[in-house]
Amino acid sequence: MTDPAAPDLLVVEDDADVRASLERGLRLSGFAVRSAEDGPGALRAVHERVPDAVVLDLGLPGMDGVAVVTALRAMDHDVPVCVLSARDTVDDRVVGLEAGADDYMVKPFALTELVARLRALLRRGARPAPEVDGPAGSGGSSAEVVGTGPLRIDLARRTVHVGERAVDLTKREYELLVVLARNADVVLTRERLLELVWGYDFATDTNVVDVFVGYLRRKLEADGMPRLVHTVRGVGFVLREGG
Amino acid sequence: MRRSPSLRSRVALASGLASLVVVVLVGVLASVLLTREQTERLDRSLVPGSPAVLGTFASTRADLAVTLRGPTGTRRVSGPELPLSPLGIPTSVDVGGVAYRIRTAPGPTPGVVVTVGATEDDTRARVADRQRWVTGLGVVAVALAAGLGWVFAGRAVAPMRRLTVRASTLDETVADPADPPPTVRADGSRESEELAEALTAMLARLHAEQERSTASLHAARDFAAAARHELRTPLTAMRTDLEVLQAHPDLPERVAVLADVLRAQARVEATLTALGQLAAGDLPEATDQDAVGVADLLRLAAEDARRAHPALDVVVDEPPDGAVRGSREGLRMALANAVVNAVRHGRAGSVRLGAHAGDDGGVVLTVDDDGTGLPADERDAVLGRFVRGSTAGAPGSGLGLALVAQQAARHGGEVRLEDAPTGGLRVSLAIGPDRAG
């Protein structure tokens, strides 16, 4: 019954019950599902055939989920990765995403929510870069370079500089920053950012935007640069120079 | 808060009081001696024949009174008439309201006695004058002693001051509980050193207490986190399965999915039960003192095992006679968990329950299986809570062998995992010698 066009999904989960349930649930939701029970198994499966997206448990024995994400990104695989965490401490959320995962869900989660997010991430992943509508940045007509103040994003080379310093960003961080820069001085709500950066055009309960804004700030302000990504309380976020 | 006087003032006060006592004693003694000396001097001046008296009885000194008594009667030579006093003994008398010192001696002619007297006013005035001096000096001495006491006490109490400063800054130095306990030093006097030692000992006790409570707090937090984690995993599977059933009411695999839901539900239940047993096992109980027959216990455990695992072949060795003191239910539960472990993770087809006397005089209960065993390097780890072995078969809570270990510890013994003669794993639950018999 597997549709040849069904997206190829890799589920990495050490608990046999959860793995079986997820395999079945995702298969019935229209994905072609492969599974692995540990980190090396996951990397072998990716080596065999690169999946369209990965659902990855963080708490794997031995090589954990963070190591798997790190290895995937180091091998230049930029497939969407949604990590699953059984812990609700902020640290765990932070590590998986910081290593390059795109989103996280805390167990137990709703299967329908996981499916919706995976579909959105797959749609987004099919496009080369987020060509987001919005007012052009300060780069003029070419729009090859956008930025505000000391921030310069070269869209063609996908590089980011703050002043003279090159900033290394994960794919999702880069896409969030581009959306904020293209809409410089415009306040974007969390819902709008979820839609523009993650493709989540449905109501979803997540603080993933806040987490990624936190990463961006840390990287952009690393050498004492003034804040560029500002929180507008009760509304959302805006990229602008000065307060 | 109303403060007591400082140690320094107390030392000053003490030295002032001490010198006051000395000054008063010396003053009183000096006053007595002075009075006596002045009186003796006065008495000497009353001896007839002394230059003051001789010559004529008509006194040349206005302050001398002379009275002659002879056969012819009494004659006043000068001054008021003095009473007769015993011969040769100076005596104090009152003459017309004036205090006189008088002395009677034989006169110049036989049968005549002379009584010579002088007022004591001058003498008393001189004595009073000297007493005032002594008093004044005494006051100065006391003030000086108190003042010097204050000055020297400042140096003497310096170690205590240093100790105070050191002790009051301790709060800042013990910010990190991982640091070794701080020590207080205040050399310079035995009292301050003893006090410092007492403080150091107290701090060490507090520190140890704090470390214990911090450790148990961490353990409780880790335990709660692990318990949440353990429950979330089967709940995730359950929720996914239930959503599948909801979204696909006519699913052909419906029965299989339902079986999975039930299995996940059983996992949640088993984890909750084990958590409850662990929590209860951490508490001392009155039933810990039951006399439990070893043969009875093995028979009960075998019945439990046959009931819970109908396919399992359960053998009970001929157990030794004897009994142990402890919790019947606790030991029974421990053996049941060892059997579950053999079946679930060792995939055992048979188990053998036995008991023998331990080397240390205790009793060792054994559960042998013919399953897959457990690598030797994992045997300690799996006794921990929420730890599963790498050969673990079906999903489990990771609490089974931890429960066995807990019961062993509760009975003064320990759990050892060894190779069983039957090929699989042997779980040895040792019961301490003080519990045997």
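Residues numbered from 1 in each chain as written. Chains lettered and ligands numbered in written order. Predicted model: local features only at pLDDT ≥ 70, side-chain atom pairs only at ≥ 80, totals over all residues.

Glancing now at the interface of chain B and chain A. Taken together, the contacts link 18 residues of chain B with 17 residues of chain A. When residues in the side of chain B that touches chain A are grouped by element, the largest group, 13 residues, is from helix α5 (residues 190–247) of chain B. Split into classes, the residues belonging to the side of chain B that touches chain A amount to seven nonpolar, five polar and six charged. (Contact = placed C-beta atoms within 7 Å. Helix = DSSP H or I, 4+ residues; strand = E, 2+ residues; numbered from the N terminus. Nonpolar A, V, L, I, M, F, W, Y, C, P; charged D, E, K, R; others polar.)

To continue, consider the pairing of strand β2 (residues 73–78) of chain B. Residues and elements named next belong to chain B. The sheet contact formed by strand β1 (residues 64–70) and β2 spans five bridges and is antiparallel. Considered in β2, the bridge of T67 is made with R76. Between the end of β1 and the start of β2, which pair antiparallel, lie two residues. (Pairing = 2+ DSSP bridges.)

Let us look at the UniProt feature "modified residue: 4-aspartylphosphate" (unreviewed entry) in chain A. Per the UniProt entry, the sites bearing "modified residue: 4-aspartylphosphate" (unreviewed entry) are D57 of chain A in this numbering. Residue D57 of chain A is classed as buried on the basis of its 27 C-beta neighbours within 10 Å. (UniProt positions renumbered as here; feature names shortened; annotations may be inferred. Buried ≥ 20, exposed ≤ 12 C-beta atoms within 10 Å, placed from the backbone.)

Our next topic: the environment of V186 of chain A. One can find V186 of chain A in the loop between α6 (171–182) and β10 (188–189). With 54 residues separating them along the chain, V186 of chain A and R240 of chain A place their C-alpha atoms 8.4 Å apart.

This brings us to the sheet that holds β10 of chain A. All names here are of chain A. Read from one edge to the other, the open sheet built from three strands follows the order β10-β12-β11, with strand pairing classed as antiparallel. Each end of this open sheet is capped by a strand with a single partner; those strands are β10 and β11 (229–232). Note: β11 against strand β12 (residues 236–239), four bridges, orientation antiparallel. The residue bridging V229 from the neighbouring strand is L239, located in β12.

Residues and elements named next belong to chain A. Considered for burial, the residues of helix α3 (residues 65–74) that qualify are G65, V66, V68, V69 and L72. End-on, the buried residues of α3 take up no more than an arc of 160°, which puts them together on one face. Phi turns positive one or two residues past the end of α3, at D76, with a value near 65°. (Arc of directions from axis to C-beta.)

Let us now look at the sheet that holds strand β1 (residues 8–12) of chain A. Residues and elements named next belong to chain A. Read across the sheet, five strands follow the order β2-β1-β3-β4-β5 without closing on themselves; strand pairing throughout is parallel. Each edge of the open sheet is held by one strand with a lone partner, namely β2 (32–36) and β5 (103–106). Neighbour-to-neighbour, the strand axes of this sheet turn through a mean angle of 20°, independent of strand direction. Pairing of strand β4 (residues 81–85) with β5 involves four bridges; the strand directions are parallel. Pairing of C82 across the sheet is with D103, part of β5. Sheet strands in contact with α3 are β1, β3 (53–57) and β4, and its direction is about 155° off that of β3. (Axes fitted to C-alpha atoms, helices over the stretch in contact; angles between N-to-C directions.)

It is worth spelling out unusual backbone geometry at this point. Between K107 of chain A and P108 of chain A the backbone carries a cis peptide bond, its omega angle lying at -10°. Looking at the secondary structure, you find P108 of chain A in the loop between β5 and α5 (111–126). The phi dihedral of R158 of chain A is positive, around 55°, even though this residue is not glycine. Among the structural elements, R158 of chain A can be located in the loop between β7 (151–154) and β8 (159–162). A count of 12 C-beta atoms within 10 Å places R158 of chain A in the exposed class. Here the phi dihedral of R347 of chain B falls at roughly 50°; this positive angle occurs in a residue that is not glycine. Along the chain, R347 of chain B turns up in the loop between α8 (328–344) and β9 (350–357). Since 15 C-beta atoms lie within 10 Å of it, R347 of chain B is described here as partly exposed.

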